[in-house]
Amino acid sequence: MALPLIILGPPGAGKGTQAARFAARHEIPKISTGDILREAVQSGTEIGLRAKASMDRGELVGDDLVIGIVEERLRRPDARVGFILDGFPRTVPQAKSLDAIMTDRSSMIVVDIVVPVDELVRRLTIRLVCSACGANAEPGQTASPCVRCGGTLMQRSDDTGSVVRERLQVYNRQTRPLVEYYRSRPTFCSIDGAQPPDQVAMAIEGAVKVAARSAGLTDGLVQ
Ligand code: AMP
């Protein structure tokens with residue numbers, strides 16, 4: 001049986017880091033719409049051209065565009081064993097589309113990572129990511145190379161002052177309502193993301209186990 005997971009939270013909550021850890025541990029693909037869009041922008045594809053201006057301003061790209069990307073990605077064979085969605089859904093229409101795509105939406109586990117806003121701004125404005133593989137720098141790391149691939153670390157172009165503020169406002173306006181959309185489901189869990197990353201990871205493992213049981217997913221998948 002598959003292990004489908006959604007990871008919610010504002011920019012800077014640690015979704016990408018935690019999704020990567022969870023994906024590696026459970027051998028399921030991490031599907032990040034932000035990563036897919038950045039790659040599309042870099043390689044100058046049509047999707048990239050359509051997304052670039054909104055991304056530069058810190059706004060969301062159109063629902064149809066990202067829904068199409070996710071639909072296509074979830075059809076690939078590796079997603080049959082499960083997946084962790086990072087950065088999708090980000091609007092209620094996206095969440096409704098995902099519910100429609102999923103054959104068994106009740107089994108979808110939703111993890112919401114909660115972090116105070118001051119901490120988010122602090123993290124985002126000092127965050128470094130690898131220009132080659134997209135991984136976040138290690139906590140406290142201030143210079144290259146990337147520990148994963150040896151690539152050059154840099155600041156993301158949308159991690160600068162005014163764009164960070166815009167992204168947080170966009171989150172409050174368009175994405176926070178999703179928490180209410182999912183909250184009443186037995187598979188919803190909320191995690192304190194202000195703790196050190198190892199503790200957040202442990203909290204996610206524990207919460208997912210409980211949620212998976214309530215969704216009737218087998219224990220074997222959630223070790
Ligand atoms: P992220 O890396 O998740 O912070 O995403 C970076 C940017 O990509 C966002 O600020 C949006 O412009 C765009 N983006 C990523 N995921 C979505 C989504 N699900 N819906 C709309 N725009 C998205």
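Placed above this text is the structure.
Everything numeric in this text was worked out from a predicted model, so none of it was measured.

## Considerations on the pattern of salt bridges
Here is step 1: Overall, the coordinates contain 18 salt bridges when judged by the stated rule.
Here is step 2: The shortest N-O distance in the salt bridge between Arg-76 and Glu-72 comes to 3.5 Å.
Here is step 3: Taking relative accessible area as the criterion, Glu-72 reaches 39% and is therefore assigned partly exposed.
Here is step 4: Note that Glu-166 is salt-bridged to Arg-173, the shortest N-O span being 3.9 Å.
Here is step 5: Judged by its relative accessible area of 21%, Glu-166 falls in the partly exposed class.
Here is step 6: Take Arg-173: its relative accessible area is 52%, and that puts it in the exposed class.
Here is step 7: Through salt bridges that share partners, Arg-127, Arg-156, Asp-158, Asp-159 and Arg-167 make up one connected network.

## Details of the packing of aromatic side chains
Here is step 1: Overall, the coordinates contain one aromatic pair when judged by the stated rule.
Here is step 2: Centroid distance Tyr-181 to Tyr-182: 5.1 Å. Interplanar angle 85°. Geometry classified as edge-to-face.
Here is step 3: Classification of Tyr-182 as buried rests on a relative accessible area of 0%.

Conventions and cut-offs
- Each chain has its residues counted from 1, running along the sequence as written.
- Confidence filtering applies because this is a predicted model: local features only for residues at pLDDT of at least 70, side-chain atom pairs given and counted only at 80 or more, and all residues used for totals across whole chains, interfaces and linings.
- The side-chain numbers reported here are obtained from all heavy atoms of the structure, hydrogens and water having been left aside.
- Any carboxyl oxygen of Asp or Glu that lies within 4 Å of a side-chain nitrogen of Lys or Arg is treated as forming a salt bridge with it.
- Each residue is assigned to one of three classes by its accessible area relative to the maximum for its type, calculated with a 1.4 Å probe on protein chains only: buried under 20%, partly exposed between the two thresholds, exposed over 50%.
- Here the aromatic set is Phe, Tyr and Trp, taking the six-membered ring for Trp, and pairing holds for ring centres within 6.5 Å; pairs whose planes are under 30 degrees apart are stacked, those over 60 apart are edge-to-face, and all others are tilted.

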